[in-house]
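Residue-level listing of the chains:
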Amino acid sequence: MKLSDITSKVQPTFFKEHQKKLYQSLEDKHTTIEEIDEGDPLTTKMVLNMGPQHPATHGVLRLVLQLDGETIEKTKIDIGYLHRGVEKIAENKTYQEFMPYTDRMDYLSPYSNNVALCCAVEKIADVEVPERAHYIRMIGCELARISSHLLWLGTMVMDAGAVSFFIWTFKEREKIYDIMDRIGGHRFTISHSRIGGVANDLTDEATGAIKEFVKTFPNELKDWHKLLDRNRLFIDRNEAVGVLKTEDAFDIGATGPVLRASGYAMDIRKFTPYARYSEVDFDVPTRLEGDNLARYFVRMEEMHESIRIIEQCLEKLPKGPVRMDDAKKSYPSKDEVYYSMEGMIHDFMMTDTGICPPDGAESYHAIESPKGELGYYIQSDGTGHPWRLKINAPSYTNLQVLENILDGEMVADTVVIIGGVDPVLGEADK
Amino acid sequence: MSLNLSEYLQKTVDDLSGNFADKLIHVYQSSGDTFIVIQADALLEICKYLKENLHYIYLSDVFGIDRYTSEERFEVVYNLLSFKHHQRVFIKVRCEEENPEVDSVSKIWKAANWFEREVYDMFGVFFRNHPDLRRIYMPEDFEYYPLRKEFPLLGIPGSIPLPSTTPDTD
């Protein structure tokens, strides 16, 4: 029996054509199709559907795996279960109105998504951002990176079998939530960035909390290093699993820690520095092996680097305004809104029409989000909402890598590999 | 309009105009980014040239734009990076409203596979010689292309069948 018969065996009742095409593509992926032995009493060859809501798939991700015993022969990834059409929404909203939606894309690091959109709008509309706002944004972005990596660490180690770790990383994440609460007034979806700066200044309480976190967190990290770095079980589960070679990493378009673990020190913060990353000192951790263990080391070291960056930002934090003073381009401060007519009119105009970049202008701005290159392409037609807004999401790019590195691995390793690539489906299903 | 190109981008533009003089339509800059509009029939050779001779080894993104004009309505943009020279360049091709078709670059950069599927899914631009051209977000049974400008924000009621609420009896 050839596997092509799977299409006749599986009788989908829902989205028939879609399901059939998916099985068909599983077949077409490589030129050779192995015969499935009809007399195989144990039916070691099978098609396994994982997801869409398996706890290890980090969201709604469906994997269609063709197995030979416990080895994966081919993988097809089916996304789109969460497709929310955020690009379409963006094209029907003003720039500032769309900003809270970016929180909900990569919901593990909302702050860096806010900054990514604001930077892109500032680039196309030629808005200057005050110095202090840049540093506050950098602090927020690096906290978001730590928070995102913490969740990755917890779930990835949990996928490898150690459950208590998840609790420990969440304890630290909780502290970051508290800090975010003090920075922007929300714990999870902060929406703290504004076009032309940030919503409000850091309070003393927030600064104190950040300083406290920066002081205590390295000790926690040290403990985790001690527990995992030479842990026999952890290494056995991760070493030489999901290997992505350097040349393949370019070719398939890996980004972020996945690319860096494959041996290339590509980081947007160094490639095209935004905010004030050119003024702080940090390293780009890199590994050569390209396996899951390498990704672990890269992310762990990135957390150290983030702490370094935050420390430097706190030291350098200049005094001054946190949002630009031109009310035609950015929200006026609440003092003006409440006590002056002009302020109120400007506030109304910013909410109703927002900022209008010049007609026909196009720009692309990328930041290094925790998952990799997060870029916003904006094309303006001179009105307050973008004509075209395209999001280059790192999770989407990395999911394509996942489809390729799963082939030839053991089925038990899929969960660890998904964890190692660290996709967030909210961002991939944009 | 005068261009303010970095040394390497200048070399890129010069090399391309030297080798494909009649295929370049327009080179322009906007907000500091460089865009090169080329003839759609020369896409493959230009991309190959960019990758092999000018080290644009990394394809960061491919996306579509609906220009909503009567001629050459759709635009496909390739976002290319050269790690070696720290440069980013955008290549644009345009295609007609009726049966939009572009050559697939997935042989040159493997990364193009999913990106092109997304453009196909959202705009209906067909990619010739694509290894696996299926819709990526929408189900195969869906007949419309959501990011085209005429597609309503609220969607089209009844365009996707919903699963039945009664469980299967067998």
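A short tour of the structure in this document, coming up. Values in this document were obtained by computation on a predicted structure and should not be read as measured data. (Residues numbered from 1 in each chain as written. Chains lettered and ligands numbered in written order. Predicted model: local features only at pLDDT ≥ 70, side-chain atom pairs only at ≥ 80, totals over all residues. Heavy atoms only, no water.)

**A short note on empty space enclosed by the protein**
Under the counting rule described, the total for this entry stands at four cavities of 30 Å³ or more. Taken as a whole, the largest cavity holds about 70 Å³ of empty space. Around the largest cavity, the lining is made up of 14 residues, and of these A:Leu108, A:Pro110, A:Ser147, A:Tyr177 and A:Phe188 lie nearest the centre. Going through the elements one at a time, α5 (110-125), α6 (131-159) and α7 (164-184) of chain A are the ones with two or more residues in the lining of the largest cavity. The dominant element in the lining of the largest cavity, judged by the number of residues it contributes, is α7(A), at four residues. Across the lining of the largest cavity, the residue classes tally to 10 nonpolar, two polar and two charged. Computed from the structure, the second largest cavity encloses a volume of approximately 50 Å³. Lining the second largest cavity we find A:Thr255, A:Gly256, A:Leu259, A:Arg260, A:Met266, A:Ile268, A:Glu368, A:Glu373, B:Tyr58 and B:Phe83. Of the residues contributing to the lining of the second largest cavity, the split by class is five nonpolar, two polar and three charged. (1 Å grid on protein atoms, 1.4 Å probe; cavity = no way out; pocket = protein on both sides within 12 Å on 5 of 7 lines; lining within 4 Å. Points joined across faces, edges and corners; volume = space filled by probe spheres on them. Helix = DSSP H or I, 4+ residues; strand = E, 2+ residues; numbered from the N terminus. Nonpolar A, V, L, I, M, F, W, Y, C, P; charged D, E, K, R; others polar.)

**Quick look at the environment of A:Val64**
Residues and elements named next belong to chain A. Tracing the backbone through its elements, the reader meets Val-64 in strand β2 (residues 62-68). The spatial distance from the C-alpha of Val-64 to the C-alpha of Val-47 is 6.9 Å, given a sequence separation of 17 residues. If sequence neighbours within four positions are ignored, Val-64 has contacts with Leu-22, Tyr-23, Leu-26, Val-47, Leu-48, Asn-49, Lys-74, Thr-75 and Lys-76. (Contact = heavy atoms within 4.5 Å.)

**Structural notes on the sheet that holds strand β2 (residues 33-38) of chain B**
Residues and elements named next belong to chain B. Within the open sheet, the five strands sit side by side as β1-β2-β5-β4-β3. Their pairing is mixed. Every interior strand has two partners, whereas the edge strands, β1 (24-30) and β3 (58-66), have only one. Between one strand axis and the next, the sheet turns through 20° on average, direction left out of account. Sheet topology note: the strand β4 (residues 74-82)/strand β5 (residues 87-95) ladder contains nine bridges and is antiparallel. If you follow Ser-82 over to β5, its bridge partner there is Gln-87. Packed onto the sheet, helix α1 (residues 7-19) meets β1, β2 and β5 and runs at close to 35° relative to β5. Strands in contact with helix α2 (residues 43-54) are β1, β2, β4 and β5; relative to β4, the strand with the most contacts, it is inclined by about 10°. (Pairing = 2+ DSSP bridges. Axes fitted to C-alpha atoms, helices over the stretch in contact; angles between N-to-C directions.)

**Quick word on the side chain of A:His225**
All names here are of chain A. Assignment of secondary structure puts His-225 in helix α8 (residues 204-228). By relative accessible area, His-225 is classed as buried at 16%. When sequence neighbours within four positions are dropped, the list of residues in contact with His-225 reads Tyr-296, Met-300 and His-304. (Buried < 20%, exposed > 50% of the residue type's maximum accessible area, 1.4 Å probe, protein only.)

**A look at the pattern of salt bridges**
Under the defined criterion, the tally for this structure stands at 46 salt bridges over all chains. Here A:Lys76 ties to B:Asp132 by a salt bridge, and the two come within 2.8 Å at their closest N and O atoms. Here B:Asp132 lies in the segment after β7 (126-128) and A:Lys76 lies in strand β3 (residues 71-78), a pairing that spans two chains. Owing to a relative accessible area of 4%, A:Lys76 belongs among the buried residues under this scheme. B:Arg128 is paired through a salt bridge with B:Glu101; the nearest N and O atoms lie 2.9 Å apart. Here the residue B:Arg128 occupies a position in strand β7, and B:Glu101 occupies one in strand β6 (residues 101-103), the gap between them amounting to 27 residues. Given the relative accessible area of 31%, B:Arg128 is considered partly exposed. Residue classification places B:Glu101 among the partly exposed residues on the basis of a relative accessible area of 34%. Taken together, the salt bridges that share partners define one network made up of A:Glu142, A:Arg145, A:Arg260, A:Asp267, A:Arg269, A:Glu302 and A:Glu368. (Salt bridge = Lys/Arg side-chain N within 4 Å of Asp/Glu carboxyl O.)

**Regarding the packing of aromatic side chains**
All told, the structure shown has 32 aromatic pairs over all chains when counted by the stated rule. Here the aromatic rings of B:Phe35 and B:Phe90 are separated by 4.9 Å at their centres, their planes lie at 25°, and the arrangement is stacked. One end of the pair, B:Phe35, is in strand β2; the other, B:Phe90, is in strand β5, with 55 residues separating them in the sequence. Residues B:Phe35 and B:Phe90 agree in their burial class; the two are buried. Look at B:Tyr58 and B:Phe83: their rings are 5.0 Å apart centre to centre, the planes differ by 35°, and that puts the pair in the tilted class. With a gap of 25 residues between them, B:Tyr58 in strand β3 and B:Phe83 in the loop between β4 and β5 connect regions that are remote in the sequence. The same class applies to B:Tyr58 and to B:Phe83, which are both buried. The positively charged end of A:Arg173 is found above the aromatic ring belonging to A:Phe170, 5.4 Å away from the centroid. In this structure, A:Lys430 packs its charged tip against the face of A:Tyr396, placed 4.0 Å from the ring centre. (Phe/Tyr/Trp six-rings, centres within 6.5 Å; stacked < 30°, edge-to-face > 60°. Lys NZ or Arg CZ within 6 Å of the ring centre and 35° of its normal.)

**A closer look at the packing of helix α16 (residues 394-405) of chain A against helix α3 (residues 112-123) of chain B**
The geometry of α16(A) relative to α3(B) is characterised by a closest axis approach of 9 Å and an angle of 125° between their N-to-C directions. As summarised for this structure, α16(A) and α3(B) are arranged oblique, according to the angle between their axes. Our pair here, α16(A) against α3(B), has a crossing hand that is right-handed. Here A:Tyr396, A:Thr397, A:Leu399, A:Gln400 and A:Glu403 of α16(A) come into contact with α3(B), specifically with B:Asn113, B:Trp114, B:Phe115 and B:Glu118. Here the contact of α16(A) with α3(B) is built from residues that sort into four nonpolar, three polar and two charged. (Parallel < 35°, antiparallel > 145°, perpendicular 65-115°, else oblique. Left-handed = near helix turned anticlockwise from the far one by under 90°.)

**Topic: a nonpolar patch on the surface**
All names here are of chain A. On the surface, Met-341, Met-344, Ile-345, Phe-348 and Met-349 cluster together into a nonpolar patch covering about 550 Å² of accessible area. In this fold, Met-344 is placed in helix α15 (residues 341-352). What makes Met-344 partly exposed here is its relative accessible area of 45%. (Patch = residues over 30% accessible without salt bridge, like charges linked within 9 Å, V, L, I, M, F, W, Y side chains within 5 Å. Areas by Shrake-Rupley, 256 points an atom, 1.4 Å probe, with all protein chains shown as cover.)

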